[in-house]
Amino acid sequence: MATFLTTNTNNVVVYSITSGARSALPDWLAKRKKKALRYDDEYRRRVELIQDFEFPEASIRMKYTPDRKFIMASGVYKPQFRVYELAELAMKFDRHTDCENVTFEILSDDWTKSVHLQADRTIEFHSQFGLHYKTRIPKFGRDMMYHTPSCDLVVVGASNEAWMLNLEQGRFMKSLETDLPAINVCGINPAHQLFGFGGDNGMMSFWHPNTRKSIATLDIPSALSRCPQYTPDAVDTYPEITSLAFANDGLHLTVGTKTGHVLVYDLRSREPLMIRDHQYGLPIKRIAYHNAGYIMSADTKAVKIWNESNGSFLTAVEPPYDINDMCIDGDSGLINLAVEGVQIQTYHIPQLGPAPRWCPFIENLTEEMTATIRADEDGAAATVYSDYKFVTRPELTKLGMEHLIGTNVLRAYMHGYFMDLRLYMKAKAIADPFAYEEYRRRMVARKIDEERKTRISATNKLPKVNRKLAQKMMKVGTNTSEPAGDDDSSDEDNNQKRKSKKKKKEMGMEVFQDPRFQALFRNAEFQVDEESEEYKLHHPSEGQATSASNFEAVEEDADHDNESDDEMEDADSEKDEDEKSEEDERDRKTTTNKGPRFFEVKTGRQSQVAFAGTERERRAAEEAKRYESLPFARRLEMERGRGRGRGGADKTYAMGNKSITYRPRSEQKSRRSESTSQPRTKRGVGELRLTKVPGDRGFRGRGGGRGRR
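Just so you know, these numbers come straight off a predicted model, no measurement behind them.

### Regarding the overall build of the protein chain
Right, so step 1: Within the protein chain one finds 19 helices and 38 strands.
Right, so step 2: Here the protein chain holds 709 residues, and 34% of them are scored as buried.
Right, so step 3: When contacts within the protein chain are restricted to residue pairs at least 6 apart in sequence, long-range pairs at least 24 apart make up 47% of them.
Right, so step 4: A total accessible area of about 47,100 Å² is found for the protein chain, and carbon and sulfur atoms account for 49% of it.

### Let's talk about the environment of His-261
Right, so step 1: Mapped onto the elements, His-261 comes out in strand β21 (residues 261–266).
Right, so step 2: The class of His-261 is buried, set by a relative accessible area of 5%.
Right, so step 3: Between the alpha carbons of His-261 and Asp-299 there is a distance of 9.8 Å; along the sequence they are 38 residues apart.
Right, so step 4: A polar contact is formed between the side chain of His-261 and the side chain of Thr-259, at a distance of 2.8 Å.

### Thoughts on the nonpolar core
Right, so step 1: Residues Leu-49, Ile-50, Met-62 and Trp-358 are the most contacted members of the largest nonpolar core, which totals 21 residues.
Right, so step 2: Those elements that place two or more of their residues in this core are β3 (58–64), β4 (70–76) and β28 (334–339).
Right, so step 3: When sequence neighbours within four positions are dropped, the list of residues in contact with Trp-358 reads Leu-49, Ile-50, Tyr-64, Leu-86, Leu-89 and Leu-334.
Right, so step 4: Core analysis: the second largest hydrophobic core is formed by 19 residues, Leu-314, Val-339, Ile-349 and Leu-352 among them.

### Focus: the side chain of Asp-299
Right, so step 1: Examined against the element boundaries, Asp-299 turns out to sit in the loop between β24 (294–298) and β25 (303–307).
Right, so step 2: Lys-304 provides the closest opposite charge to the buried, unpaired Asp-299, separated from it by 6.6 Å.
Right, so step 3: Of the polar contacts made by the side chain of Asp-299, one reaches the side chain of His-278; its length is 3.2 Å.
Right, so step 4: A distance of 3.1 Å separates a polar atom in the side chain of Asp-299 from the backbone nitrogen of Lys-301.
Right, so step 5: Not counting the four nearest positions on each side in its chain, Asp-299 is found in contact with His-278, Tyr-280, Leu-282, Pro-283, Ile-284, Lys-285 and Ile-323.

### Comments concerning the pairing of strand β8 (residues 114–118)
Right, so step 1: Counting buried positions over the 5 residues of β8 gives 5, a clear majority of the element.
Right, so step 2: Alternating positions in β8 separate into two faces, Ser-114, His-116 and Gln-118 on one and Val-115 and Leu-117 on the other, with burial throughout.
Right, so step 3: In this sheet, β8 lies alongside strand β7 (residues 101–106) in antiparallel orientation, the contact comprising 5 bridges. Directly across from Ile-106, in β8, lies its bridge partner Ser-114.

### Side note on the confidence of the model for the protein chain
Right, so step 1: Mean pLDDT over the protein chain: 76, with 65% of residues reaching 70 or higher.
Right, so step 2: Throughout residues 480–489 the model reports pLDDT below 50, and contacts reaching past four residues in sequence, or to other chains, amount to 9 contacts.
Right, so step 3: Residue range residues 556–572 is modelled with pLDDT below 50. Its contacts to residues more than four positions away, or to other chains, number 6 contacts.

### Observations concerning a negative patch on the surface
Right, so step 1: On the surface, a cluster of negative charge is made up of Asp-529, Glu-531, Glu-533 and Glu-534.
Right, so step 2: Considering the arrangement of structural elements, one finds Asp-529 in the loop between α11 (518–522) and α12 (533–538).

### Re the pairing of strand β23 (residues 286–290)
Right, so step 1: Burial analysis of β23 places 4 of its 5 residues in the buried class, which makes it a mostly covered element.
Right, so step 2: Across 5 bridges, the pairing between β23 and β24 is antiparallel. Note that in β24 the partner of Ala-288 across the bridge is Met-296.
Right, so step 3: Connecting the antiparallel pair β23 and β24 is a turn made up of 3 residues, with Gly-293 showing a positive phi of about 95 degrees.

### Description of the sheet that holds β25
Right, so step 1: The sheet built from 4 strands is open, its strands ordered β23-β24-β25-β26 with antiparallel pairing. Of all the strands in the sheet, just β23 and β26 (313–317) have a single pairing partner and so form its edges. Ignoring which end each strand starts from, the neighbouring axes of this sheet average 20 degrees apart.

### So, the pattern of salt bridges
Right, so step 1: The full count for this structure, using the stated rule, is 14 salt bridges.
Right, so step 2: Close ionic contact of Lys-92 with Glu-85 constitutes a salt bridge, the shortest N to O distance being 3.7 Å.
Right, so step 3: Note that Glu-124 is salt-bridged to Lys-134, the shortest N-O span being 3.7 Å. Of this pair, Glu-124 sits in strand β9 (residues 122–126) while Lys-134 sits in strand β10 (residues 131–136), placing them 10 residues apart in sequence.
Right, so step 4: Taking the relative accessible area as the measure of exposure, Glu-124 reaches 3% and is therefore buried.
Right, so step 5: Counted as one network, the salt bridges with shared partners bring together Asp-98, Glu-124 and Lys-134.

### Thoughts on the sheet that holds strand β15 (residues 183–188)
Right, so step 1: Ordered in space as β15-β16-β17-β18, the 4 strands form an open sheet in which the pairing is antiparallel. Of all strands in the sheet, those bounded by a partner on one side alone are β15 and β18 (214–219). The sheet shows a mean angle of 20 degrees between the axes of neighbouring strands, direction not considered.
Right, so step 2: Pairing analysis gives 4 bridges linking strand β16 (residues 195–199) to strand β17 (residues 203–207), with the strands arranged antiparallel. What sits directly across from Phe-195, in β17, is Trp-207.

### Some points on a nonpolar patch on the surface
Right, so step 1: Residues Tyr-436, Tyr-439 and Met-443 make up a contiguous nonpolar surface patch of roughly 310 Å² in combined accessible area.
Right, so step 2: By relative accessible area, Tyr-436 is classed as exposed at 56%.

### Comments concerning the side chain of Asn-324
Right, so step 1: Mapped onto the elements, Asn-324 comes out in strand β27 (residues 323–328).
Right, so step 2: Residue class for Asn-324 comes out buried when judged on its relative accessible area of 14%.
Right, so step 3: Within the local environment of Asn-324, its side chain forms a polar contact with the side chain of Glu-340, the two groups lying 2.9 Å apart.
Right, so step 4: Once you skip the residues sitting within four places of it in the chain, Asn-324 turns out to touch Ser-59, Ile-60, Arg-61, Lys-285, Ala-338, Val-339 and Glu-340.

### What about the environment of Lys-468?
Right, so step 1: Note on placement: Lys-468 falls in helix α9 (residues 467–478).
Right, so step 2: The exposure class assigned to Lys-468 is exposed, which follows from its relative accessible area of 56%.
Right, so step 3: With 60 residues separating them in the primary sequence, Lys-468 and Val-528 have C-alpha atoms 9.4 Å apart.

### Structural notes on the packing of aromatic side chains
Right, so step 1: Per the stated rule, a full pass over the model turns up 7 aromatic pairs.
Right, so step 2: Look at Phe-390 and Phe-418: their rings are 5.5 Å apart centre to centre, the planes differ by 65 degrees, and that puts the pair in the edge-to-face class. In this pair, Phe-390 sits in strand β32 (residues 388–392) while Phe-418 sits in strand β34 (residues 416–420), placing the two residues 28 residues apart along the sequence.
Right, so step 3: Overall, the relative accessible area of 16% leaves Phe-390 in the buried class.
Right, so step 4: An aromatic cluster is built from Phe-81, Phe-93 and Trp-111, whose rings are joined through pairwise contacts.
Right, so step 5: Taking the ring centre of Phe-55 as reference, the NZ or CZ of Arg-82 above it sits at 5.0 Å.

What counts, and where the lines are drawn
Each chain carries its own residue numbering, running from 1 in the direction its sequence is written. Local features are withheld for residues below a pLDDT of 70 in this predicted model, meaning they are given only at 70 or higher, and side-chain atom pairs are given and counted only at 80 or more; totals for whole chains, interfaces and linings count all residues. Derived side-chain values reflect all non-hydrogen atoms in the structure, with water molecules and hydrogen atoms excluded from consideration. In this description a helix means any DSSP run of H or I spanning at least four residues, a strand means any run of E spanning at least two, and both kinds are numbered starting from the N terminus. Relative accessibility thresholds used throughout: buried, under 20% of the residue-type maximum; exposed, over 50%; partly exposed, between the two (1.4 Å probe, protein chains only). The contact criterion used throughout is that any non-hydrogen atoms of two residues lie within 4.5 Å. All accessibility values rest on the Shrake-Rupley procedure with a 1.4 Å probe; residue burial counts only the protein chains present in the view. Under this definition, polar contacts are N or O atom pairs within 3.5 Å; protein pairs additionally need one hydrogen-donor-capable and one acceptor-capable atom, and for neighbouring residues in sequence, both atoms have to be side-chain atoms. As used here, the term nonpolar core means buried Ala, Val, Leu, Ile, Met, Phe, Trp, Tyr and Cys residues forming a set that is joined through side-chain atoms within 4.5 Å. None of His or the chain ends enter the tally, which takes Lys and Arg as positive and Asp and Glu as negative. A side-chain nitrogen of Lys or Arg and a carboxyl oxygen of Asp or Glu constitute a salt bridge if their distance falls within 4 Å. When DSSP finds at least two bridges between two strands, those strands are taken to pair. Values of pLDDT, the confidence the predictor places in each residue, fall between 0 and 100. Exposure above 30% relative accessible area and the absence of a salt bridge qualify a residue for a patch, where like charges join within 9 Å and nonpolar side chains (Val, Leu, Ile, Met, Phe, Trp, Tyr) within 5 Å. Each charge is placed at NZ for Lys, CZ for Arg, CG for Asp and CD for Glu. In this description, a line fitted to the C-alpha atoms serves as the axis of each element, helices being fitted only across the stretch in contact, and the angle between N-to-C directions of two axes falls anywhere from 0 to 180 degrees. Working definition: a ring pair exists when centres of Phe, Tyr or Trp rings (six-membered ring for Trp) sit within 6.5 Å. Plane angles under 30 degrees give stacked, over 60 give edge-to-face, the rest tilted. In this analysis the charged atom, NZ for Lys or CZ for Arg, is taken to sit over a ring once it is within 6 Å of the ring centre and within 35 degrees of the ring normal.

Below, the structure is given as structure tokens:
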């Protein structure tokens, strides 16, 4: 199924009938892939309203024939003009010329007779068989018009004269000498045949076709100077007149300037009815009146459509190439643009009018086959031409392929290069091997974020300045401590308590809306510096609150003291004691404990760092951090090493705690004796092997036998 690209400007849908697949291809790539295009699905699904509705390089001018059955267009390169038959939706013929075309006029109702103003100061007359006659004009021509009642061809250019060539007599008539230094454009009023000439000095000159005299002049720059939107200092060029168009009612005139301004005049007044600015600063190329009551003005970048009566903006059409000319069918919503590109751009605006008679199928196509331009993840649409990839120079540097510039691998085109798609994929995989993992991670994170958005969460909008102060004020309003009521309290008391809480919360929120305190939460100069000495002196409780966070409450175990007694009691007494303890526990929960509470210091590295105030304590905290990161076996060896040679080992923490390991000397001696391989035994006297003296009656002790016998 074919697809149309759409844009939606000011809630007006604009359909691009021109196929974007082939027009974006370079010529050398289109020729190389000509045979392979039959297998390209995008190319096969393209939409070509008119076959070969294009030029090799660019199109310059285009017009409908008076009978609305043909379109004649001129372009380059080589210089030529082509005629398209709308009934067949195809090109009828093309004819080459010696020079580029400036503009042309169709003399007959169909395409058979036409006159072409060329860039080499020549005027060529063409008929069915080909070139009929060629003549020259004194100066380079810029525009021309054909006056049907008198058969006069009026040609203007780089001169103050308008040359009159009578086609009935076949000779030049007396020229019209104007007060303009040079004439850029000319036009004829369709109602009363008034001639209008626009000069390069911003003046308009009006001439009567019968008397051949000037009727009035119109000063465009003076009208622009009175417009508040126009400032001469902000405009680089002088407001020359580059285009003009008369309305079919014969009373209104629209003028376009080189500065991008469009002025609508009533011929009965010298002041403009309205002034509109394209805001691009580019010259207006073409102006046309639509039968639906709109004025269409085209500059180099865009076509803007205005309301004829009040000047309200309807929509804009921005083709991908610079605009040279605009051609419309007065009753339909079809717009043809001659651009600096290969294809002639065609757009359809249903709100402007229906489809023409020669292509009524467009309305069905625009309803069924519509596709919007979608960008990729990064916001830029990736363009791949079949087996080729277009890359810029920064992308080549990122891929590490900058050294291939100038070789056959890369082919320069516009602001980048074409390279083989397979080579690009390999280089991208080498340069970024974890691209898929990164893409998968992004998709998972995006899915999680989408799921989070669906959750219902209460959000409190805090100001950017003094967020902690605002958060504290909101907590005061919401978390106000009130004594818990009894179960027998009435509902009226509970309602009053809820109302008081709600009132306090509203009072806390009203502070942010109070004009007296708004600067405190909006102006950065009122930001509270919590690190300053003045703040710490005025708020000493915050430091205490930080220290209190390093302690945790100790809950007393009522049954801990009686644990040994409970083990000695029998089963009956144990059962009674359990029942009694359960009753005591229930009573303890119902009553409020007003006695003293005990706290213990939290263990861990965070509490140690919190108490580290001096440099010595900070070094001790860092040493403890490194010690905890060691393996258990290593720490065990270090503990054994610290305990050698002394009765105990102590360790001081940064927060002030100290752990001491004490070992008695007897335990150390026993450990040393156990460490020896052979146990020591007591030696007796027999082991000395002493000889016995004759006459000796044995061992008598210390007294030598002088004791009592």
